[in-house]
Amino acid sequence: MEDENIGDLVEMRSSISRVFEEIANNSKTTAGVSVNPESSLACSTVLACVRVLSESIASMPFNLYRRLPGGGKEIAEDHPLQEVLAYQPNDWMTSFEWREWMMSQLLLWGNAYCLILPGKRGSVDQLIPLHASRMKIVRLESERANAIGKLQYQYKEPNKPTPTPYRQDQIFHLRWLSSDGVTGYIPTSLSKDAIALARATELYSSAFFGNGAQSGTYIEVDQPHKPEVLQRFKNQWDEVHGGPGKAFGTVVMPFGFHKKTDPVNNQHSALIETRRYQVEEVARHYRVPLHLLGDLSNVRYNTVEQSAIDFATFSLIPHCRRWQFACRRDLISDDKNYFVEFDLSALMAGDYQARSQFLREMFNMGCLSVDEIRGQIGYNPLSDGLGDKRFVQVNMQLLDAFTVNNPTGAAQNQTAPLPREDEEDNDSSEDGGEDGNDGPTPADAATREALFRTTLRRLAAIEADGILERRNKAGKLQAWLEAHEQRMKTELLDAAQATGRDIEAFVTDWMDETRNRLLECHRSGRPYEEATASWTDRANLSDG
């Protein structure tokens, strides 16, 4: 029956494609189950792998970018191809549905094709899906000597006797691993035995429970009977016992008939272990982590995050690059100024704690503004441009400041040029005979105080993070606090001197208050997260 189905499938496609020649010749497996790209989806593991990869590629933002003259990029919203790729590639499919279909074709057939139609949106107005089973690729002879000809795509329409030829520039082609660089291998043919064994265990399990969770039964007779008598009894037995809803039914057995049970059981055949191992085997071929297939037997929750990052790095990124270069070859005419790219930032972000730490570091280095951070977490920009500002740490120094004469990189006092005598006379006359004492103005004092508090607030945030990371390790926390105390004395030294503070006394008082607050949390049972939530508010020193 399975061979007849394969024959019907080949006749239905009626194509001379190498793809179907391979399927027809290699579909039968040792496990007794025929495997082809369409029937392999009946295997639950193959279906899960195809869904995970297809839906992951389809769900990621996919945009056309324009290269900026000074470096960087921006989404080319005004370009017609952006509408095709990011939103609607044809009249009936969304970008998500189209990419999901293309990926499923690639994962099952090794190739995915679309017909490129020009129209009102430009040279690429519609991307029409073409089934991989109907396509044959041939290489044309080149008109020039010692040159390789272009490819011609011959597509067999369902209702046409002859294939329709298309030029290479009329087809968008995604190609999997290939032996000739023209047509990709069929993944389900390369891994057919693993898929067949997984499918065979599924069918066996279904038949076993369909038989009332009992192994095969045979009837032993004491004397010979006519074949029609035996067949009639077999039909009666199957009618009473066949199917899960008829388990343990009663049947009247003629004299001399004895029921025997097949001694083989699932425990001896290691059915559960085999089914679990075949999940791993098929997942290995598609390079999909087991936890994404619902198998958590060998997964630890502290490694799931890293497994997800590995999935994005080693499974999705190769497919993304395949898409990007295929679009550059087949869809983009001005590839010097435009390119397509998937946005994997959401998949690589990690948990909220790691993501917040990353954004904090980017903000402290001036790489991101407030609005850019709000955009990454799904918030709107602040009004009136309040969030379009960047901040940097105040204790940073240029590398050029470290010289032989200044090995520490300390700021050097700039010697102002001496005023001329006529300028001194004018200044003295303008001052009206005052003593000329030009001490710090109130504005200068406020600026120095603001710098001191900014540095102190940054150190307070570092201190809060360090306490949370080591709150359950008293020895490490004590050692870290001592090191942090020395760090505060070093980084606050210049700002403290500018404001007239004694750095030793200030840092000592600060750390004493830190230890008192931690001791209070320990005694009262107050959560450290709650206590450190407002830790940076301590930098708002009283004016007194």
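Just so it is clear, the structure is predicted and the values come from calculations on it, not from any experiment. (Residues numbered from 1 in each chain as written. Predicted model: local features only at pLDDT ≥ 70, side-chain atom pairs only at ≥ 80, totals over all residues. Heavy atoms only, no water.)

(A) Highlighting the overall build of the protein. Within the protein one finds 18 helices and 11 strands. Burial status across the protein gives 35% buried among its 544 residues. Taking contacts inside the protein between residues at least 6 apart in sequence as the whole, the part at least 24 apart equals 62%. Put simply, the protein shows about 33200 Å² of open surface, and 52% of that area lies on carbon and sulfur atoms. (Helix = DSSP H or I, 4+ residues; strand = E, 2+ residues; numbered from the N terminus. Buried < 20%, exposed > 50% of the residue type's maximum accessible area, 1.4 Å probe, protein only. Contact = heavy atoms within 4.5 Å. Areas by Shrake-Rupley, 256 points an atom, 1.4 Å probe, with all protein chains shown as cover.)

(B) Inspection of the pairing of strand β11 (residues 338-342) at higher detail. Most of β11 is tucked away, with four of its five residues classed as buried. Judged from the five bridges that link them, strand β1 (residues 62-67) and β11 form a sheet pairing that is antiparallel. Note that in β11 the partner of Leu64 across the bridge is Val340. (Pairing = 2+ DSSP bridges.)

(C) Local environment of the pattern of salt bridges. For the structure shown, the criterion picks out 25 salt bridges. For Asp465, the salt bridge is made with Arg360, and the minimal N-O distance between the two is 3.3 Å. Within this pair, whereas Asp465 is found in helix α14 (residues 442-469), its partner Arg360 is found in helix α11 (residues 352-364), the two being separated by 105 residues in sequence. Since its relative accessible area comes to 22%, Asp465 is described here as partly exposed. (Salt bridge = Lys/Arg side-chain N within 4 Å of Asp/Glu carboxyl O.)

(D) Structural view of the packing of aromatic side chains. All chains considered together, the criterion is met by 11 aromatic pairs. Arranged with centres 4.3 Å apart and planes meeting at 20 degrees, the rings of Phe62 and Phe342 form a pair that is stacked. Here Phe62 is found in strand β1, whereas its partner Phe342 is found in strand β11, with 280 residues between them in sequence. Measuring from centroid to centroid gives 5.6 Å for Tyr65 and Phe339, while their planes differ by 20 degrees, and the two rings are stacked. Of this pair, Tyr65 sits in strand β1 while Phe339 is found in strand β11, placing the two residues 274 residues apart along the sequence. Through a chain of ring-to-ring contacts, the aromatic side chains of Phe62, Trp98, Phe172, Trp323 and Phe342 assemble into a single cluster. Sitting over the face of the ring of Tyr65, Lys73 holds its NZ or CZ atom 4.6 Å from the ring centroid. The lysine or arginine in question, Arg517, covers the ring of Trp535, its NZ or CZ lying 5.6 Å from the ring centre. (Phe/Tyr/Trp six-rings, centres within 6.5 Å; stacked < 30°, edge-to-face > 60°. Lys NZ or Arg CZ within 6 Å of the ring centre and 35° of its normal.)

(E) Here's a closer look at helix α5 (residues 95-109). End to end, α5 covers 21 Å across 15 residues, agreeing with the expected 21 Å (1.5 Å per residue, within 8%). Burial runs high along α5: 11 of the 15 residues are buried. Of all the residues in α5, the buried ones are Ser95, Trp98, Arg99, Met102, Met103, Ser104, Gln105, Leu106, Leu107, Leu108 and Trp109. Looking one or two residues beyond α5, the residue adopting positive phi is Gly110, at roughly 80 degrees. (Expected span 1.5 Å × (residues − 1).)

(F) Here's a closer look at the sheet that holds strand β3 (residues 111-119). Judged by pairing direction, the sheet is antiparallel, and its three strands sit side by side in the order β4-β3-β8 without closing on themselves. Two strands close off the open sheet at either side, each with one partner strand: β4 (122-130) and β8 (171-175). Between one strand axis and the next, the sheet turns through 30 degrees on average, direction left out of account. Pairing geometry for β3 and β4, over six bridges, is antiparallel. From the neighbouring strand, Tyr113 faces β4, where its bridge partner is Leu130. Along the sheet, α5 makes contact with β3, β4 and β8, crossing β3 at roughly 145 degrees. (Axes fitted to C-alpha atoms, helices over the stretch in contact; angles between N-to-C directions.)

(G) Local environment of the pairing of β8. Along β8, five of the five residues are buried, which leaves the element largely enclosed by surrounding structure. Here β8 shows no split at all, with Ile171, His173 and Arg175 on one side and Phe172 and Leu174 on the other all buried. In this sheet, β8 lies alongside β3 in antiparallel orientation, the contact comprising five bridges. Note on β8: the bridge partner recorded for Asn111 is Arg175.

(H) Molecular detail of unusual backbone geometry. Within the chain, Arg287 stands out as a residue other than glycine whose phi angle is a positive 60 degrees. With respect to the element layout, Arg287 can be found in the loop between α9 (271-286) and α10 (301-330). According to the relative accessible area criterion, Arg287 is exposed, its value standing at 52%. Look at Asp384: it is not a glycine, yet its phi comes out positive at around 60 degrees. As for its position among the elements, Asp384 is in the loop between α12 (370-376) and α13 (421-431).

(I) Main features of the environment of His484. Looking at where His484 falls in the secondary structure, it is placed in helix α15 (residues 474-491). Of the residues examined, His484 reaches a relative accessible area of 2% and is grouped as buried. For the pair His484 and Leu459, spaced 25 residues apart in sequence, the C-alpha to C-alpha distance is 8.7 Å. Once you skip the residues sitting within four places of it in the chain, His484 turns out to touch Leu459, Ile462, Glu463 and Met511.

(J) Here's a closer look at the confidence of the model for the protein. Here the protein shows a mean pLDDT of 80. Residues at 70 or above account for 78%. Confidence over residues 4-24 falls short of pLDDT 50; this stretch has 37 contacts with residues more than four positions distant or in other chains. Within the model, the stretch residues 432-436 combines pLDDT values under 50 with one contact to residues more than four positions away or in other chains. (pLDDT = per-residue confidence, 0-100.)

(K) Summary view of the sheet that holds strand β2 (residues 73-75). Strands sit in the order β2-β1-β11 across an open sheet of three strands; the sheet is antiparallel. In the strand order of this sheet, the two ends are held by β2 and β11, each with one partner. On average, each strand axis in the sheet is inclined to that of its neighbour by 40 degrees, with strand direction left out of account. In this structure, β1 lies alongside β2, joined through three bridges in antiparallel fashion. Note that in β2 the partner of Arg66 across the bridge is Glu74.

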